[in-house]
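Chain by chain, the residues:
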Amino acid sequence: MRTRSFVLAGVVVALLLAGGLSFYASSHPDGLEYVAEKTGFLDSADDHAAGDGPFADYATKGVDDARLSGGVAGIVGTLVVLVLAGGLGFAVRRRGSAGQSERADARDKTDA
Amino acid sequence: MHVPDGFLDVPTSVATGAVAVAGVGLALRGARRELDDRTAPMAGLVAAFVFATQMLNFPVGAGTSGHLLGGALAAVLVGPWTGVLCLSVVLLVQALLFADGGITALGTNITLMGIVGVGVGWLVFRLVQKLLPKRTSLVPVAAGVAALATVPVAALTFVLLFAFGGQAPVSLGAVLTAMLGWHVLIGVGEAVITGLVVSSVVAVRPDLVHGARPVLAARRLEVRTDTEVSA
């Protein structure tokens, strides 16, 4: 599989997980929150400064349907992370790096 | 394991903030050695994938859930320095856009899940890899063992920070026992997911798995020796 197809397929999987499967995720508190509640320090948490944001708590403001609201938030988050981390990756990479990796890509093309 | 604002006092949050800044700074330099034109898109993909899987809380016992932290997964797929950058981007977006993990606690969360999670994940992965035979089929196994270790170690690190800067007068022993117990269980889920994802990538494109490079290099060397012998 070519690198571009691989990355594209991976992004589609991530979007399906965040936009679709996340609806079926457990809504129980996570390990830290649960322990905080049971041992009595959960109340020391402050309200979140961004708690009124349009996607706070993985819900899209103004969308009533829970599946759609969470799905949109998941897709937006996945794309924002993809662009930021991908951009960072391209910014810090070794540019025009010849050698092993380009030979490998050339080999992929002959394979395909 | 996203720490909200208020769990830890200001000095502790400032200290973890400094650790996070230093860690991300080092990672920006280190990632250059790991990323080239071909592997750079993997940084975006791995971060996006970690974000997506962190939304998938799985039930752990009655009343609790856990989700992938992704430190070991990112370290094995894109390398430890790039892994720290991936996790930091995920945690930044979660804190600012999704109110998940406090803003003053961002340094704490980057320290716990980014630096400790990725660092421990990579070190344990390399250690296990050295102990096992050099086979690509064993890369996911080493990744799974590493993933299992990262969750309780990150939980232990939180308890250590809580011992210094906890804002509620609660029994430290009770916090330690409960955090370790639950996070060993969550670690099992982390190990299964990490092992499955790494084995899927190894099956399709082993050359894109940073942690598989030593194994692939050893394999190429063997092939060359064979050719020389036959010639």
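Residues numbered from 1 in each chain as written. Chains lettered and ligands numbered in written order. Predicted model: local features only at pLDDT ≥ 70, side-chain atom pairs only at ≥ 80, totals over all residues. Heavy atoms only, no water.

A. Quick look at the overall build of chain B. The helix and strand tally for chain B stands at eight helices and two strands. Reading chain B from its N terminus to its C terminus gives the helix and strand order α-α-β-β-α-α-α-α-α-α. Radius of gyration (C-alpha) of chain B: 19 Å, near the 17 Å computed for a compact globule of 231 residues. Along the longest, intermediate and shortest principal axes, the C-alpha atoms of chain B span 75 × 35 × 25 Å. When each of the 231 residues of chain B is scored for burial, the buried share is 60%. Sequence separation of 24 or more characterises 76% of the internal contacts of chain B that already satisfy a separation of 6 or more. (Helix = DSSP H or I, 4+ residues; strand = E, 2+ residues; numbered from the N terminus. Rg over C-alpha atoms; globule rule 2.2 N^0.38 Å. Buried < 20%, exposed > 50% of the residue type's maximum accessible area, 1.4 Å probe, protein only. Contact = heavy atoms within 4.5 Å.)

B. The arrangement of the pattern of salt bridges in detail. In the structure shown here, the tally under the stated rule is four salt bridges over all chains. We note a salt bridge from D37 of chain B to R93 of chain A, for which the minimum N-O separation is 2.5 Å. Taken together, the residues D37 of chain B in the loop between helix 1 (10-34) and helix 2 (40-54) and R93 of chain A in the loop between helix 3 (66-92) and helix 4 (100-111) connect one chain to another. D37 of chain B sits in the partly exposed class, given a relative accessible area of 29%. Take R93 of chain A: its relative accessible area is 15%, and that puts it in the buried class. For R205 of chain B, the salt bridge is made with D207 of chain B, and the minimal N-O distance between the two is 2.9 Å. Both residues of the pair, R205 of chain B and D207 of chain B, count as buried. Taken together, the shared-partner salt bridges connect R38, R205 and D207 of chain B into one network. (Salt bridge = Lys/Arg side-chain N within 4 Å of Asp/Glu carboxyl O.)

C. Up close: the packing of helix 6 (residues 139-165) of chain B against helix 7 (residues 172-204) of chain B. All names here are of chain B. Direction vectors running N to C along helix 6 and helix 7 enclose 155°, while the axes themselves pass 7 Å from each other. Considering their axes alone, helix 6 and helix 7 lie roughly antiparallel with respect to each other. Our pair here, helix 6 against helix 7, has a crossing hand that is right-handed. Tallied by class, residues from the contact of helix 6 with helix 7 come to 24 nonpolar, seven polar and one charged. (Axes fitted to C-alpha atoms, helices over the stretch in contact; angles between N-to-C directions. Parallel < 35°, antiparallel > 145°, perpendicular 65-115°, else oblique. Left-handed = near helix turned anticlockwise from the far one by under 90°. Nonpolar A, V, L, I, M, F, W, Y, C, P; charged D, E, K, R; others polar.)

D. Representation of the interface of chain A and chain B. Counting residues at the interface gives 64 residues for chain A and 69 residues for chain B. Summed over both sides, the interface of chain A with chain B buries roughly 5,600 Å², with 71% coming from carbon and sulfur. Linking chain A with chain B are two salt bridges. Put simply, R94 of chain A and D36 of chain B hold a salt bridge, and the shortest N to O gap is 3.6 Å. (Buried area = accessible area lost by both parts, 1.4 Å probe.)

E. The packing of aromatic side chains, seen in detail. This model, assessed by the stated rule, comprises 12 aromatic pairs over all chains. For the pair Y58 of chain A and F51 of chain B, a centre-to-centre distance of 6.3 Å together with 40° between the ring planes defines the contact as tilted. With Y58 of chain A in the loop between helix 2 (31-39) and helix 3 and F51 of chain B in helix 2, this residue pair bridges two chains. On the basis of relative accessibility, which here comes to 0%, the residue F51 of chain B falls in the buried class. Taking 4.8 Å as the distance between ring centres and 10° as the angle between the ring planes, the aromatic pair formed by Y58 of chain A and F98 of chain B counts as stacked. Of this pair, Y58 of chain A sits in the loop between helix 2 and helix 3 while F98 of chain B is found in helix 4 (residues 80-98), placing the two residues in two different chains. Each member of the pair, Y58 of chain A together with F98 of chain B, is buried. These aromatic residues form a ring-pair network of at least three members: F41 of chain A together with F7, F158 and F162 of chain B. Between the NZ or CZ atom of R67 of chain A and the centre of the ring of F23 of chain A, over which it lies, the distance is 4.4 Å. (Phe/Tyr/Trp six-rings, centres within 6.5 Å; stacked < 30°, edge-to-face > 60°. Lys NZ or Arg CZ within 6 Å of the ring centre and 35° of its normal.)

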